[in-house]
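Each chain, written out:
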Amino acid sequence: MRAATVVRGALWVVFGLFFLFPLYAMADFSTRNLIAGGRTGQAWANLVTDQALYQAIVVSLLLAVFTVAAMLVLLVPTMIWVRLRAPWARGPVEFLCLLPLTIPALVIVVGLRNVYLWVTYLLGDSALTLTFVYVVVVLPFAYRALDAALAAIDLQTLSEAARSLGAGWTATIVRVVVPNIWSGILSAAFISIAVVLGEYTIASLSGYETLQVQIVLIGKSDGPTSVAASLATLLFGFALLLLLSLVTRGRRRARTLAPGVTV
Amino acid sequence: MSRNTSGVSGSFNASGVGVALDDLTRVYGTTKALDGLTLHIEPGELVALLGPSGCGKTTALRILAGLDEATSGTVSVGGVDVSKVPANKRDMGMVFQAYSLFPHLTVLDNVAFGLKMRGKAKGDRASRAAEMLELVGLSAHSHKYASELSGGQQQRVALARALAIQPRVLLLDEPLSALDAKVRTQLRDEIRRVQLEVGTTTLFVTHDQEEALAVADRVGVMSQGRLEQLAAPADVYANPATPFVADFVGLNNKVPAQVSGGRASLLGVTVPALPGSVASGSGIAMVRPEAVTVTADPAGAARVVAVSFLGAISRVSVTVADGSTISAQTAGSAARTFAPGDPVTVGVEPGGVLVVAQ
């Protein structure tokens, strides 16, 4: 028993160091004054003062928000509908959603070039038009998260109960289904944000200036600032995941450990 | 019409509405789940649809609820054809076999959900929901979540939730089948009490004959998408219209019999042949275990095979002269005098039997 505890502790330390050391190195490098020596916060200040970088951060965050919104609007009703009314479509939908995982980013970019001639013609040449590609790119991850959440509830009985009580389809989805797959929706959203904030290939090849493209660009002339931006992105992702686990755990606890309940 | 009131007296509620299912057919691929089902329910009446799984009883209920569509036929409520009305506009309260409380809402909010969908003010919703919880005896649990309640409590909340919207028709889809035996009996009686109190026209679907006979004003026995018999519980039990009904409602012995002049001879006795029996000649008599008498007789040709003690009653299995086995039900104390191998004489109570063609 004690040996197991020691092994567990040792593994914690080893893996903790494995993950934390690069972060520590990034934090150290991004606060170093390379010319005069000593410490400086200049690289971190650049995240907001460097106009190009600041713009890229805003674009990436907006892309993340739009992608999540579009993905949820597209996927949640579709998946609910397939489970309730078109079970035969489940295989094809799953296949379609997982397909982007198997296609290299380069192929996607080349394939989309002709489509994007129309997109830029109709919507203008904004980096935010990347939303369309990103919705496709995050589908495999979002599908898995939502599928697991939907499988955990008795969707058919709950929606039939809601409908027999007078709820239309919209009310059934918004008031009954969504609150019960909330943790799945959150994780689909956060994974999508992480994917969008980390995506480089498609944005770069399409010639749009997102955060990752800027980080690479700045890295060529100003190492500490690009590392600061990378670290900030990573920490933002960590914070989101932490928030996810806290929120879902908080909800579970509220559900099962109400006052006066024996476990 | 006499009512099955479990000790409560009452008459059909004038405010209830009549329900008519006419010539309903539902085909899934090559399977006919319903095959021309016609069923009329009187205002305020509780009809139980009874049958084995796959007989179409749940399909009939789901079509009435609007959760499934009939291939042909019509559904009318209060004389109005509602066949094309979607489920959420039909005004029917439903209790499901599976636990169906919304897990993210408290008991009170669950019960108030239907009222919220109808745009009722918050205060009205809360007071009506509290009233319904009072009716099912769960006021003390109004702020709990479904996961904190037992199965029986969850189904009582589901009943309160279905009744809170003052539905025109109450639909119960095997609401007791997930519960253990004791809770099932309690809740069964409670459902009947509440139904009589509110007077809502009710369709109760079950595969348990005891349940159907205990709560219903009329029992409809279904087989293969058709209604075999629709009658008061006592009639279904005493005068089964078809061999299927006789077989399904109660465990039956099948005994060779001779019919002539409206009387059947079997096991050495002659008893009246029930309406629906073959007119004359030989046939198979359906004899209930409680209609079989077993008497100790050293000269008897029959032998006791086994005695099962079931509490208040006992079941005695006997082989008769032709080698077939007959099951008899006796008082628990009377069966103690029998032991396997004992010679006995077997008879039939004089009430009458249904004799069908071989």
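*Asks:* Please set out the overall build of chain A residue by residue, giving values where relevant.
*Replies:* When its secondary structure is counted, chain A shows 12 helices and 0 strands. Dimensions of chain A along its principal axes, counting C-alpha atoms only, are 75 × 65 × 30 Å. For chain A, with 263 residues in total, the buried portion stands at 29%. In chain A, 74% of the contacts between residues at least 6 apart in sequence involve partners at least 24 apart.

*Asks:* Before we move on, can you summarise the overall build of chain B with the specific residues and values?
*Replies:* When helices and strands are tallied, chain B shows 8 helices and 20 strands. If one aligns the C-alpha atoms of chain B with their principal axes, the spans along those axes are about 80 × 45 × 40 Å. Counting across all 358 residues of chain B, residues that qualify as buried make up 45%. Looking at chain B alone, contacts between residues at least 24 apart form 67% of all its contacts between residues at least 6 apart.

*Asks:* Residue-level account of the confidence of the model for chain A, with values.
*Replies:* Residue and element names in this part refer to chain A. Averaged over chain A, the pLDDT score is 85; the fraction of residues at 70 or greater is 94%. Element-level mean pLDDT values for chain A span from 76 in helix H12 (residues 223–256) up to 93 in helix H7 (residues 155–164). In this model residues 256–263 is a low-confidence stretch, pLDDT under 50, and it forms 5 contacts with partners more than four residues away in sequence or in other chains.

*Asks:* Residue-level account of the pairing of strand S11 (residues 253–260) of chain B, with values.
*Replies:* Residue and element names in this part refer to chain B. Of the two faces of S11, the one lined by Asn-253, Val-255, Ala-257 and Val-259 is fully buried and the one lined by Lys-254, Pro-256, Gln-258 and Ser-260 carries no buried residue. As judged from the 7 bridges shared by S11 and strand S14 (residues 281–287), these two strands associate in the antiparallel manner. Following the sheet pairing, Gln-258 is matched in S14 by Ser-282. Strand direction decides the pairing type here: S11 and strand S12 (residues 263–266), joined by 3 bridges, are antiparallel. Across the sheet, residue Gln-258 finds its bridge partner in S12, namely Ser-265.

*Asks:* How would you sum up the confidence of the model for chain B? Please name residues and give values.
*Replies:* Residues and elements named next belong to chain B. The pLDDT averaged across chain B works out to 86; a share of 96% of its residues lies at or above 70. This stretch, residues 6–14, has a pLDDT under 50; its non-local contacts, to residues over four places away or in other chains, come to 15 contacts. For this predicted complex, the interface score ipTM comes out at 0.78, while the overall pTM is 0.77.

*Asks:* An account of the interface of chain B and chain A is requested, with residue identities and associated values reported.
*Replies:* Between chain B and chain A, the residue contacts involve 23 residues of the former and 19 residues of the latter. Of the residues belonging to the side of chain B that touches chain A, the class tally is 13 nonpolar, 6 polar and 4 charged.

*Asks:* Tell me about helix H9 (residues 182–198) of chain A, and name the residues and values.
*Replies:* Spanning 17 residues, H9(A) covers 24 Å between terminal C-alpha atoms, matching the ideal 24 Å at 1.5 Å per step. Listed in full, the buried residues belonging to H9(A) are Gly184(A), Ser187(A), Ala188(A), Ala189(A), Phe190(A), Ile191(A), Ser192(A), Ile193(A), Ala194(A), Val196(A) and Leu197(A).

*Asks:* Break down the sheet that holds strand S2 (residues 31–41) of chain B for me, with residues and values.
*Replies:* Residues and elements named next belong to chain B. As summarised here, the arrangement of the 4 strands in space is S2-S1-S4-S5, forming an open sheet in which the pairing is antiparallel. In the strand order of this sheet, the two ends are held by S2 and strand S5 (80–81), each with one partner. Two elements, strand S1 (residues 19–28) and strand S4 (residues 72–77), share 5 bridges in a ladder whose sense is antiparallel. Paired with Ala-20 across the strands is Ser-76, a residue of S4.

*Asks:* I'd like a rundown of the nonpolar core, residues and numbers included.
*Replies:* Generally speaking, soluble globular proteins have nonpolar side chains that are buried together. Ala142(A) and Val353(B) are the most contacted members of the largest nonpolar core, which has 160 residues in total. Take this core: its biggest share by element is 13 residues, from helix H6 (residues 130–151) of chain A. Beyond its immediate stretch of four places on either side in the chain, Ala142(A) contacts Met71(A), Leu75(A), Ala188(A), Ile191(A) and Ser192(A).

*Asks:* So, the sheet that holds strand S9 (residues 218–223) of chain B: which residues are in play, and what are the values?
*Replies:* Each strand in a sheet pairs with another by means of backbone hydrogen bonds, the pair being arranged parallel or else antiparallel. All names here are of chain B. Pairing is mixed across the open sheet formed by 6 strands, whose spatial order is S6-S7-S8-S3-S9-S10. The sheet is open, and its two edges are formed by strand S6 (92–95) and strand S10 (226–231), each paired on a single side. In this sheet, neighbouring strand axes are inclined to one another by 20° on average, regardless of whether the strands run parallel or antiparallel. Sheet strands in contact with helix H4 (residues 151–164) are S6 and strand S7 (169–173), and its direction is about 175° off that of S6.

*Asks:* How would you explain the packing of helix H2 (residues 107–117) of chain B against H4(B) if you had to name every residue and give the values?
*Replies:* Residues and elements named next belong to chain B. Two elements in contact, H2 and H4, have axes separated by 7 Å at closest approach and are oriented at 25°. Classified by the interaxial angle, the pair formed by H2 and H4 is roughly parallel. Both H2 and H4 take part in a crossing whose hand is right-handed. Note on element contacts: H4 touches H2 through Val-157, Ala-160, Arg-161 and Ala-164, opposite Val-107, Asn-110, Val-111, Ala-112, Phe-113, Gly-114 and Leu-115. Classifying every residue of the contact of H2 with H4 gives 8 nonpolar, 2 polar and 1 charged.

*Asks:* Lay out H4(B) with the relevant residues and their values.
*Replies:* Residues and elements named next belong to chain B. In a regular helix each residue adds 1.5 Å, so 14 residues correspond to 20 Å; H4 covers 20 Å between its end C-alpha atoms and thus fits that length. Three or more residues of H4 are buried, namely Gln-153, Gln-154, Gln-155, Arg-156, Val-157, Ala-158, Leu-159, Ala-160, Arg-161, Ala-162, Leu-163 and Ala-164. The positive-phi residue at the C-terminal boundary of H4 is Gln-166, with phi of around 50°.

*Asks:* Got a sec to walk through the packing of helix H3 (residues 51–85) of chain A against H6(A)? Specific residues and values, please.
*Replies:* All names here are of chain A. In the contact formed by H3 and H6, the axes pass within 8 Å of each other and the chain directions differ by 45°. One element, H3, and the other, H6, form an angle in the oblique class. Note that H3 runs across H6; the crossing there is right-handed. Contact residues: Leu-63, Phe-66, Thr-67, Ala-70, Met-71, Leu-74, Leu-75, Val-76, Met-79 and Arg-83 in H3; Leu-130, Thr-131, Tyr-134, Val-135, Val-138, Ala-142, Tyr-143, Leu-146, Asp-147 and Leu-150 in H6. Among the residues forming the contact of H3 with H6, the class breakdown is 16 nonpolar, 2 polar and 2 charged.

*Asks:* Account for the domain arrangement of chain B, with residues named and values stated.
*Replies:* For an interface, size is often stated in terms of accessible area lost upon the parts coming together. Residue and element names in this part refer to chain B. Here the domain parsing of chain B yields domain 1 (19–91 + 167–243) and domain 2 (251–356). The C-alpha centroid of domain 2 is placed 34 Å from the C-alpha centroid of domain 1. Contacts between the two partners involve 4 residues from domain 1 and, on the opposite side, 6 residues from domain 2. Across the side of domain 1 that touches domain 2, the residue classes break down as 3 nonpolar, 1 polar and no charged.

*Asks:* An account of the environment of Ser223(B) is needed here, citing residue identities and associated values.
*Replies:* Residue and element names in this part refer to chain B. Examined against the element boundaries, Ser-223 turns out to sit in strand S9. A sequence separation of 45 residues divides Ser-223 from Gly-268, and the C-alpha atoms of the two residues are 33 Å apart. Those residues in contact with Ser-223, other than ones at most four positions away along the chain, are Gly-51, Cys-55, Glu-228 and Phe-244.

*Asks:* Lay out the pairing of strand S19 (residues 343–348) of chain B in plain terms, naming residues and giving numbers.
*Replies:* Residues and elements named next belong to chain B. Burial along S19 is one-sided: Val-344, Val-346 and Val-348 are buried, while Pro-343, Thr-345 and Gly-347, pointing the other way, are not. Sheet analysis places strand S16 (residues 302–309) next to S19, joined by 2 bridges and oriented antiparallel. The residue bridging Arg-303 from the neighbouring strand is Pro-343, located in S19.

Conventions and cut-offs
- Residues numbered from 1 in each chain as written.
- Chains lettered and ligands numbered in written order.
- Predicted model: local features only at pLDDT ≥ 70, side-chain atom pairs only at ≥ 80, totals over all residues.
- Helix = DSSP H or I, 4+ residues; strand = E, 2+ residues; numbered from the N terminus.
- Buried ≥ 20, exposed ≤ 12 C-beta atoms within 10 Å, placed from the backbone.
- Contact = placed C-beta atoms within 7 Å.
- pLDDT = per-residue confidence, 0-100.
- Pairing = 2+ DSSP bridges.
- Nonpolar A, V, L, I, M, F, W, Y, C, P; charged D, E, K, R; others polar.
- Expected span 1.5 Å × (residues − 1).
- Core = buried A, V, L, I, M, F, W, Y, C linked by C-beta atoms within 7 Å.
- Axes fitted to C-alpha atoms, helices over the stretch in contact; angles between N-to-C directions.
- Parallel < 35°, antiparallel > 145°, perpendicular 65-115°, else oblique.
- Left-handed = near helix turned anticlockwise from the far one by under 90°.
- Domains from an automatic or database assignment.

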